[in-house]
Amino acid sequence: QVQLVESGGGLVQAGDSLRLSCAASGRTSSISAVGWFRQAPGKEREFVAAITWSGVITYYAEYVKGRFTISRDHAKNTGYLQMNSLIPEDTAVYYCAAGRSSGMPYYIKERYNYWGQGTQVTVSS
């Protein structure tokens, strides 16, 4: 099993930045990829970004490309989501997820086996 704990959310103004962290514990050797998803009130949970645990490959949703950067620190078993130029539409609960090796695409929820509890990000205009 893998446990994930997110942190770093908060209330910011449009144009500000935030960095979310996702600390993994447990059987971290089984992790193949880490993803970030978000869910706004009344909406489906949507893909934001993903990174292979090796750090070699990253993926981004179009609506965050150029503004968000995903990374991971292997030694600390921690993933990060640096969010710049935040806009009100980025307001949501952000979840990190970790998945074992799989042939499924990185942008679908079913690819991930473990989920954090979520952290709220609110961007005011």
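Residues numbered from 1 in each chain as written. Predicted model: local features only at pLDDT ≥ 70, side-chain atom pairs only at ≥ 80, totals over all residues. Heavy atoms only, no water.

### Some details on the overall build of the protein
Working step 1: Broken down by element type, the protein carries 0 helices and 11 strands.
Working step 2: Rg of the C-alpha trace for the protein: 13 Å, near the compact-globule value of 14 Å for 125 residues, within the 12% margin.
Working step 3: Principal-axis analysis of the C-alpha atoms gives the protein an extent of 40 × 25 × 25 Å.
Working step 4: Residues counted as buried form 43% of the 125 residues belonging to the protein.
Working step 5: At a minimum sequence separation of 6, the contacts of the protein that also span at least 24 residues come to 56%. (Helix = DSSP H or I, 4+ residues; strand = E, 2+ residues; numbered from the N terminus. Rg over C-alpha atoms; globule rule 2.2 N^0.38 Å. Buried < 20%, exposed > 50% of the residue type's maximum accessible area, 1.4 Å probe, protein only. Contact = heavy atoms within 4.5 Å.)

### Examining the side chain of R67
Working step 1: If you trace the backbone, R67 turns up in the loop between β6 (58-60) and β7 (68-73).
Working step 2: Residue R67 is classed as buried on the basis of its relative accessible area of 16%.
Working step 3: In this structure the side chain of R67 is engaged in a polar contact, spanning 2.9 Å, whose partner is the backbone oxygen of Y63.
Working step 4: Looking at R67, its side chain comes within polar contact range of the side chain of D90, at 2.7 Å. (Polar contact = N/O pair within 3.5 Å; in protein donor to acceptor, adjacent residues only side chain to side chain.)

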